[in-house]
Amino acid sequence: MQHAVGSPLPPPHQPGGASQQQPGYLGAPSGPVPPAPRPAVPPVPHPPAPQHAPVPSHAPVPQGTDTTGHVPLPPGGPVPMPSAPPAPTVPDPAATTLAVLLIGPAGAGKTSVAKFWADHRRVPTAHVSLDDVREWVRSGFADPQSGWNDHSEAQYRLARRTCGFAARNFLANGISCILDDAIFPDRPAVGLGGWKRHVGPGLLPVVLLPGLEVVLERNAARSGNRRLTDEEVARIHGRMAGWYGSGLPIIDNSQLDVPTTARVLDDVLARAIASPPKW
């Protein structure tokens, strides 16, 4: 026999079927008591299954940024002109983020000076040589010594665009950049104008132009496809003379070693920051 939970229990039956009242239990029925109805218990709702957002196969990348692992990198853009400090302050190019283009004939010492200058600055600085980038092409390399044609010019333009892309990205991430190239004043669209398009108006060009005898001597110490004939060196040097009168700063490093030339370059850049050259 079942009884409702919480209701009083009837007195126990005596032998012979007679029932006996117990104190405190009034009006107990003599027969069996039907069970009291159970109270309705509302069903307990089950908690909803947790909803999980679909996991993308790749982490979302914020628009306008590039990522390497989990480190966001700002995109590179045209390099602006460096801000000139207040008038009483002398610009310190060794502690300023800059984009520099070192121009000069073969044998002028561009690469040596650029590497030394980049190594001894107080801020992170990269050196990008156009000749090095051109030689990334192994099979099918268009050697300028074999003649300047559409194929060699196309590889030159591609290398320059690659250097400009690298410079923009270095500068966008707070790393200065010095580039070197032998460009001619009589080909502005291919030379200086092309660099300005690929890097930006903040590029600071400086010309290294030692004497012809010094250039010939330095070229003779070279090897491989970096060494040119004396006739070619003299022809290039003669065309470089057109930079005189261009308004660009020119350093004659005929009698200067590499560290001294780098210090002179700092002085030239300090003046260029204070009064940017028109080019």
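Up top is the structure.
Bear in mind that the values here come from a model prediction, so they are computed numbers and not experimental data. The residue numbering used here restarts from 1 in each chain and proceeds along that chain's sequence as written. Where totals are concerned, whole chains, interfaces and linings use all residues; where local detail is concerned, this predicted model gives features only for residues with pLDDT of at least 70, and gives and counts side-chain atom pairs only at 80 or more. By convention in this description, side-chain values take in all heavy atoms of the structure and omit both hydrogens and water.

### Describing the overall build of the protein
Which entries qualify depends on this criterion: The helix and strand labels rest on DSSP assignments: H or I over at least four residues marks a helix, E over at least two residues marks a strand, and numbering proceeds from the N terminus. Each residue is placed in one exposure class: buried if its accessible area under a 1.4 Å probe, protein chains only, is under 20% of its type's maximum, exposed if it is over 50%, and partly exposed if it falls in between. For this analysis, residues touch if any pair of their heavy atoms sits within 4.5 Å. Accessible surface is estimated by sampling points in the Shrake-Rupley manner with a 1.4 Å probe; for residues, cover comes only from the protein chains shown.
Looking only at helices and strands, one finds 7 helices and 7 strands in the protein. Secondary structure of the protein in N-to-C order comes out as β-β-β-α-β-α-α-β-α-β-α-α-β-α. Residues counted as buried form 34% of the 279 residues belonging to the protein. A sequence separation of at least 24 residues applies to 77% of the contacts in the protein between residues at least 6 apart. Split by element, the accessible area of the protein, about 16800 Å² in all, is 60% carbon and sulfur.

### So, the pattern of salt bridges
Stated precisely, the cut-off is as follows: In the sections that follow, a salt bridge refers to a side-chain nitrogen of Lys or Arg positioned within 4 Å of a carboxyl oxygen of Asp or Glu.
The tally for this structure, following the rule as stated, stands at 5 salt bridges. Taking the shortest distance from any N to any O, the salt bridge between arginine 134 and aspartate 131 comes out at 3.2 Å. In this pair, arginine 134 and aspartate 131 both sit in helix H2 (residues 130–134), 3 residues apart, roughly one turn of the helix. A salt bridge links glutamate 153 to arginine 157, with the nearest nitrogen and oxygen atoms 3.1 Å apart.

### Remarks on the sheet that holds strand E6 (residues 204–208)
Note the threshold: Pairing between two strands is assigned when DSSP locates at least 2 bridges connecting them.
Ordered in space as E4-E5-E3-E6-E7, the 5 strands form an open sheet in which the pairing is parallel. Strand pairing shows two members of the sheet lacking a second neighbour, strand E4 (125–129) and strand E7 (250–251), which therefore form its edges. Here E4 pairs with strand E5 (residues 176–181) via 5 bridges, running parallel. What sits directly across from histidine 127, in E5, is isoleucine 178.

### Overview of the side chain of arginine 121
Quick note on the threshold: His is not counted here, nor are the chain ends, while Lys and Arg score as positive and Asp and Glu score as negative. Pairing of N or O atoms within 3.5 Å defines a polar contact, subject to two protein rules: one partner must be a possible hydrogen donor and the other a possible acceptor, and residues neighboring in sequence count only if both atoms are side-chain atoms.
Residue position: arginine 121 is located in the loop between helix H1 (110–119) and E4. For arginine 121, which is buried and forms no salt bridge, the nearest opposite charge comes from aspartate 266, at a distance of 5.1 Å. Engagement of the side chain of arginine 121 in a polar contact is seen with the backbone oxygen of threonine 96, the distance being 2.7 Å.

### Structural notes on the pairing of strand E3 (residues 99–103)
Along E3, 5 of the 5 residues are buried, which leaves the element largely enclosed by surrounding structure. Of the two faces of E3, the one lined by Ala99, Leu101 and Ile103 and the one lined by Val100 and Leu102 are each fully buried. When E3 meets E5, the two strands line up parallel, connected through 5 bridges. Residue pairing across strands places leucine 101 opposite leucine 179, the latter belonging to E5. Bridge count between E3 and E6: 4 bridges; the pairing is parallel. Counterpart to isoleucine 103 in the pairing with E6 is valine 207.

### Remarks on the environment of threonine 125
Within the secondary structure, threonine 125 is located in strand E4. Apart from residues no more than four positions distant in its own chain, threonine 125 is found in contact with Trp117, Ala118, Ile175, Ser176 and Cys177. Engagement of the side chain of threonine 125 in a polar contact is seen with the backbone oxygen of valine 123, the distance being 3.0 Å.

### Quick notes on helix H3 (residues 150–172)
This is how the line gets drawn: One less than the number of residues in a helix, times 1.5 Å, gives the span that helix is expected to have.
Taking 1.5 Å of rise per residue, 23 residues should cover 33 Å, and H3 covers 33 Å from first to last C-alpha, within 8% of that figure. All buried positions along H3 are accounted for by Ser152, Glu153, Gln155, Tyr156, Ala159, Arg160, Cys163, Gly164, Ala167 and Leu171. Elements in contact with the buried residues of H3: E3, E4, H2, E5 and helix H4 (192–199). Among the residues of H3, the N-terminal cap falls to asparagine 149, whose side-chain oxygen and the backbone nitrogen of histidine 151 are separated by 3.0 Å. Looking at the residues trailing H3, positive phi occurs at glycine 174, about 80 degrees.

### Digging into helix H5 (residues 212–220)
Inclusion rule: The directions from the helix axis to the C-beta atoms form the arc being described.
Among the residues making up H5, those that are buried are Val214, Val215 and Asn219. For H5, the buried positions fall inside an angular range of 130 degrees around the axis, keeping them on one side. Along H5, the residues that are exposed and aim more than 90 degrees away from the buried face are Glu213 and Glu217. The elements touched by buried residues of H5 are helix H6 (230–240).

### Looking at the nonpolar core
Nonpolar side chains in soluble globular proteins tend to end up buried together. Note the following rule: We define the nonpolar core as a collection of buried residues of types Ala, Val, Leu, Ile, Met, Phe, Trp, Tyr and Cys that are connected through side-chain atoms lying within 4.5 Å of one another.
Core analysis: the biggest nonpolar cluster contains 29 residues, and Leu101, Ile103, Leu179, Ile183, Trp195 and Trp243 have the highest contact counts within it. If you list the elements that add at least two residues to this core, you get E3, H2, H3, E5, H4 and H6. A per-element tally of this core places H3 first, with 5 residues. Contacts of leucine 101, omitting those with residues within four sequence positions, involve Leu179, Asp180, Asp181, Ile183, Leu192, Trp195, Leu203, Leu204, Pro205 and Val206.

### Regarding the packing of H3 against H4
Let me state the cut-off plainly: Throughout, an axis means a line fitted to C-alpha atoms (over the contacting stretch in the case of helices), and angles, computed between N-to-C directions, take values from 0 to 180 degrees. If an angle is under 35 degrees, it is roughly parallel; if it is over 145, roughly antiparallel; if it lies from 65 to 115, roughly perpendicular; otherwise it is oblique. Crossing handedness is read from the near helix: turned anticlockwise from the far helix by less than a right angle, it gives a left-handed crossing, and turned clockwise, a right-handed one. Under the convention adopted here, Pro, Cys and the residues Ala, Val, Leu, Ile, Met, Phe, Trp and Tyr are nonpolar, Asp, Glu, Lys and Arg are charged, and Gly plus all remaining residues are polar.
It is at 8 Å that the axes of H3 and H4 come closest, and there the two elements cross at 40 degrees. Overall, the two elements H3 and H4 adopt an arrangement that is oblique. As H3 packs across H4, the resulting crossing turns out to be right-handed. Each of Tyr156, Arg160, Arg161, Cys163, Gly164, Ala167 and Arg168 in H3 lies in contact with H4, whose residues at this interface are Gly194, Trp195, Arg197, His198 and Val199. Here the residues of the contact of H3 with H4 are counted per class, giving 5 nonpolar, 3 polar and 4 charged.

Structural measurements only, silent on function.
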